[in-house]
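Topology and contacts: notes
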Amino acid sequence: MHTSFTGVWVPIVTPFLAGDAASIDHPALARLAQHLATQGISGLVVAATTGEGILLQPGEQDALLATLRAAVPQLPLVMGLSTASTHDAVARARVLSRLRPEGLLVTPPLYVRPSQDGIRRHLEAVTESADLPVLVYNIPYRTGCQVELETLQQLAQDPRVVGIKDCGGSQERMQRLVNETSLRILSGDDAQNFMALCLGAHGVIAASAHVMPHWHVQMQALIRDNQWHQAREIADALQPVIRDLFAEPSPAPLKALLHADGWCAPEVRLPFVPVSAGLHARLMTQRQALLSSAF
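Since the structure is predicted, the reported quantities are computational estimates derived from the model, not experimental observations. (Residues numbered from 1 in each chain as written. Predicted model: local features only at pLDDT ≥ 70, side-chain atom pairs only at ≥ 80, totals over all residues. Heavy atoms only, no water.)

Once that is clear, we can look at the packing of helix α9 (residues 213-224) against helix α10 (residues 228-245). It is at 8 Å that the axes of α9 and α10 come closest, and there the two elements cross at 150°. Comparing their axes, α10 and α9 come out roughly antiparallel. Crossing handedness for the pair α9 and α10: left-handed. Seen from α9, the contacting residues are Trp215, His216, Gln218, Met219, Leu222 and Ile223; seen from α10, they are Trp228, Gln230, Ala231, Ile234, Ala235, Ala237 and Leu238. (Axes fitted to C-alpha atoms, helices over the stretch in contact; angles between N-to-C directions. Helix = DSSP H or I, 4+ residues; strand = E, 2+ residues; numbered from the N terminus. Parallel < 35°, antiparallel > 145°, perpendicular 65-115°, else oblique. Left-handed = near helix turned anticlockwise from the far one by under 90°. Contact = heavy atoms within 4.5 Å.)

So, about the UniProt feature "site: Part of a proton relay during catalysis" (unreviewed entry) in the protein. Per the UniProt record, "site: Part of a proton relay during catalysis" (unreviewed entry) is found at Thr49 and Tyr111. Locating Thr49 in the fold gives a position in the loop between β4 (43-46) and α2 (58-71). The class of Thr49 is partly exposed, set by a relative accessible area of 23%. Those residues in contact with Thr49 that lie beyond four places of it in its chain are Tyr137 and Arg142. Structurally, the position occupied by Tyr111 is in the loop between β6 (103-106) and α4 (116-130). (UniProt positions renumbered as here; feature names shortened; annotations may be inferred. Buried < 20%, exposed > 50% of the residue type's maximum accessible area, 1.4 Å probe, protein only.)

What follows is about the sheet that holds β4. An order of β1-β4-β5-β6-β7-β8-β9-β10 is seen for the eight strands of this closed barrel, with the pairing classed as parallel. Pairwise comparison of adjacent strand axes, ignoring direction, gives a mean angle of 25° for this sheet. Pairing geometry for β6 and strand β7 (residues 134-138), over three bridges, is parallel. Paired with Val106 across the bridge in β7 is Val136. In the packing of helix α3 (residues 86-99) onto the sheet, the strands contacted are β5 (77-81) and β6, and the crossing angle to β5 comes to about 160°. (Pairing = 2+ DSSP bridges.)

What follows covers the UniProt feature "active site" (unreviewed entry) in the protein. The UniProt feature table records "active site" (unreviewed entry) at Tyr137 and Lys165. For the residues just named, distributed over 29 residues, the greatest C-alpha separation is only 4.9 Å, placing them together at one site. Residue class for Tyr137 comes out buried when judged on its relative accessible area of 4%. Mapped onto the fold, Lys165 is located in strand β8 (residues 161-166). Aside from chain neighbours lying at most four places away, what touches Lys165 is Leu105, Val136, Tyr137, Asn138, Leu186, Gly188 and Ile205.

With their axes 9 Å apart at the nearest point, helix α1 (residues 26-37) and α2 run at an angle of 45° to one another. With respect to their mutual orientation, α1 and α2 come out oblique. Seen from above, α1 lies across α2 with right-handed handedness. Note on element contacts: α2 touches α1 through Ala63, Leu64, Thr67, Leu68 and Ala71, opposite His26, Leu29, Ala30, Ala33 and Gln34. Taken together, the residues that form the contact of α1 with α2 break down as seven nonpolar, three polar and no charged. (Nonpolar A, V, L, I, M, F, W, Y, C, P; charged D, E, K, R; others polar.)

A few words now on the pairing of β6. Neither face of β6 is left uncovered, since the one carrying Gly103 and Leu105 and the one carrying Leu104 and Val106 both have all their residues buried. When β5 meets β6, the two strands line up parallel, connected through four bridges. The partner of Val78 across the bridge, within β6, is Gly103. For the segment spanning β5, α3 and β6, crossover handedness is right-handed. This β-α-β element, β6 to α4 to β7, shows right-handed connectivity. (Right-handed = clockwise from strand over helix to strand, strands pointing away.)

Attention shifts here to the nonpolar core. Counting residues in each nonpolar core, the largest one holds 82 residues, and the members touching the most others are Ile12, Leu44, Leu68, Leu104, Val136 and Ile185. Beyond its immediate chain neighbours, meaning those up to four positions away, Ile12 contacts Leu29, Leu32, Ala33, Leu36, Leu44, Val45, Thr50, Gly51, Leu68 and His210. In terms of nonpolar packing, the next biggest core, distinct from the first, is built from twelve residues, Phe5, Trp9, Ile139 and Cys167 among them. (Core = buried A, V, L, I, M, F, W, Y, C linked by side-chain atoms within 4.5 Å.)

Mapped onto the elements of the fold, Arg269 is located in the loop between α11 (252-260) and α12 (277-291). A distance of 2.7 Å separates the side chain of Arg269 from the backbone oxygen of Ala21, its partner in a polar contact. Among the polar contacts listed, one links the side chain of Arg269 to the backbone oxygen of Ala22, at a separation of 3.1 Å. Once you skip the residues sitting within four places of it in the chain, Arg269 turns out to touch Phe16, Ala21, Ala22, Ser23, Glu52, Leu55, Leu56 and Glu60. (Polar contact = N/O pair within 3.5 Å; in protein donor to acceptor, adjacent residues only side chain to side chain.)

The first and last C-alpha atoms of α3 sit 20 Å apart over 14 residues, in line with the 20 Å expected at 1.5 Å per residue. Among the residues of α3, those classed as buried are Ala89, Val90, Arg92, Ala93, Leu96 and Ser97. Taken down its axis, α3 places every buried residue within 165° of arc, on the same side. Relative to its buried face, α3 has exposed residues pointing more than 90 degrees away, namely His87 and Arg98. With a side-chain oxygen lying 3.3 Å from the backbone nitrogen of His87, the N-terminal cap of α3 falls on Ser85. (Expected span 1.5 Å × (residues − 1). Arc of directions from axis to C-beta.)

Spelled out as structure tokens, the structure:
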């Protein structure tokens, strides 16, 4: 399957059984994926941040991929890969290479805060071991380190390093990523998706695109057609729910909203905890507002 790494990608949640966060609800995962596939999205990211990937065992991650392959064979699947150890990341990349996802979404090493040379060598080792398309996942507020532009330019010399999911950056950084690298640029900060797309980003990886996914798809299409005013109306309508989806640690707010729509149980794994009563009430209000809107 040829994958362009553009458009709207959904980092799909990992549903757990009601009252049992130790067990994955594979039928719920399949139903949710099949719904999302009808909404015009470009692909799914599996076992990444929103999917609680770092809290899953490798066998659980592999089972997610198998379920999604069977449920939505038409959609490309990218697997998340996050660890502090290059040795462990390389070993995991070799396993994933045999499962043949359409790509890997790879963070720099967590927690250890390596130098740019260490980040580059870590990502190069993973890319070489997997021999799959790699998206760099730059999320400094989780990893403690930033993948700088010059490091990305060096990594992009390997054609297997195809893109970046960039989170929490500035307008200047987004413009430089678009204009000074050959990578596919995917916005990973939902509140900044409209801005990023207007600046030339190729797509988004958006947790909030679980909710009204066709609006996210439509917004990007309108921007592509230079219909800025209509696109901004959608962005403005989505902004309140995006704000609430990240008011407490994700994905608990998102799972609460998906539970209200009947897609999955609200369970999350520790150290995530369920949303507070106050945020839950706000989310239900936002849900009703979205359902009453139309574009």
